[in-house]
Amino acid sequence: MERRREAALTGGTAGRRLTSIDGGGDDGAAGPAGPPPQGSGTVHRLRPERRPGSEPPTGPEQARLWHVVLSVAGPVTPLSELRAGLERLAHDHSFFLTARYAADHAEIRYWEQARDLHDAAAIALRLWGEHKVTAKLPPWEIVGLEVVDRATYHKRVAEGFAGPPPQLGGVHPY
């Protein structure tokens with residue numbers, strides 16, 4: 001798949017190299033439109049040259065798993081509607097662990113796959129708003145967010161802190 005993606009980015013030829021040509025100094029005057037004249041400027045390689053037998057370049061940083069606890073609250077909502085909305089959210093969102101709810105607040109626990117903490121938190125902060133219409137969730141606001149990496153979560157569980165909720169999996173009332 002990597003070779004296919006590379007071929008698509010380079011115009012279909014895996015051996016072809018992309019380059020950028022610096023058109024020269026910019027003196028503030030508008031120059032003629034179109035490509036710079038042949039032979040002018042400097043050529044910059046956008047991708048390093050690979051030598052046979054050398055190590056392949058490292059790809060983008062691998063995504064990691066983050067344990068997320070999202071707390072939301074708002075006006076009182078009928079419990080049956082809230083439960084149905086949370087169940088739809090659980091069905092739509094992969095890695096969903098559990099949700100606990102009351103008439104005016106809820107807590108959602110799940111795993112998020114992201115490159116770093118910033119990405120995991122950003123995704124978590126968008127979760128409620130992005131699924132509000134499709135899952136028919138109440139118009140509540142996010143009032144709390146906890147994001148920890150997998151190692152920290154397992155360390156807490158091993159030490160007896162922040163263990164899994166009493167009923168792991170599914171949607172349950174407090």
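Residues numbered from 1 in each chain as written. Predicted model: local features only at pLDDT ≥ 70, side-chain atom pairs only at ≥ 80, totals over all residues. Heavy atoms only, no water.

As a note on interpretation, predicted positions should not be read in detail where pLDDT is low. When the pLDDT values of the protein chain are averaged, the result is 74; 60% of them are 70 or greater. Summarising per-element confidence for the protein chain, the mean pLDDT is lowest in helix 1 (residues 2-9) (40) and highest in strand 6 (residues 141-149) (96). Predicted confidence for residues 1-37 stays below pLDDT 50, and this span has 34 contacts to residues more than four positions away or in other chains. With pLDDT under 50 throughout, residues 54-59 is counted as low confidence; its partners more than four residues away or in other chains account for 2 contacts. (pLDDT = per-residue confidence, 0-100. Helix = DSSP H or I, 4+ residues; strand = E, 2+ residues; numbered from the N terminus. Contact = heavy atoms within 4.5 Å.)

Turning our attention to the packing of aromatic side chains. Taken as a whole and assessed by the stated rule, the structure comprises 2 aromatic pairs. Aromatic side chains tryptophan 111 and tyrosine 153 sit 5.1 Å apart centroid to centroid with 85° between the ring planes, which places their arrangement in the edge-to-face category. One end of the pair, tryptophan 111, is in strand 5 (residues 105-114); the other, tyrosine 153, is in helix 4 (residues 150-158), and 42 residues separate them in sequence. Each member of the pair, tryptophan 111 as well as tyrosine 153, carries the same accessibility label: buried. When the centroid spacing of 6.2 Å and the interplanar angle of 5° are considered together, the rings of tryptophan 128 and tryptophan 140 count as stacked. A residue pair is termed long-range when its members are at least 10 positions apart, and tryptophan 128 in helix 3 (residues 117-131) and tryptophan 140 in the loop between helix 3 and strand 6 qualify at 12 residues. Taking the relative accessible area as the measure of exposure, tryptophan 140 reaches 3% and is therefore buried. (Phe/Tyr/Trp six-rings, centres within 6.5 Å; stacked < 30°, edge-to-face > 60°. Buried < 20%, exposed > 50% of the residue type's maximum accessible area, 1.4 Å probe, protein only.)

Read from one edge of the open sheet, 5 strands run 6-3-5-4-7, paired in mixed fashion. Edge positions in the sheet fall to strand 6 and strand 7 (170-173), since each of these pairs with one other strand and no more. Taken over all neighbouring pairs, the strand axes of this sheet differ in orientation by 20° on average, direction set aside. As defined by bridge partners, strand 4 (residues 96-102) adjoins strand 7 across 4 bridges and the pair is classed as parallel. Following the sheet pairing, tyrosine 101 is matched in strand 7 by proline 173. On top of the sheet, helix 2 (residues 79-92) reaches strand 4, strand 5 and strand 7; it is set at about 170° to strand 4, its chief contact. (Pairing = 2+ DSSP bridges. Axes fitted to C-alpha atoms, helices over the stretch in contact; angles between N-to-C directions.)

What follows deals with helix 2. Between its first and last C-alpha atoms helix 2 spans 20 Å; for 14 residues at 1.5 Å apiece the expected length is 20 Å, and the two agree. Looking at helix 2, one finds that the buried residues are Leu82, Gly85, Leu86 and Leu89. An end-on view of helix 2 places all buried positions within 95° of arc, on one side of the element. Within helix 2, the exposed residues directed more than 90 degrees away from the buried face are Ser80 and His91. Tucked into the core, helix 2 has its buried residues touching strand 4, strand 5, helix 3 and strand 7. (Expected span 1.5 Å × (residues − 1). Arc of directions from axis to C-beta.)

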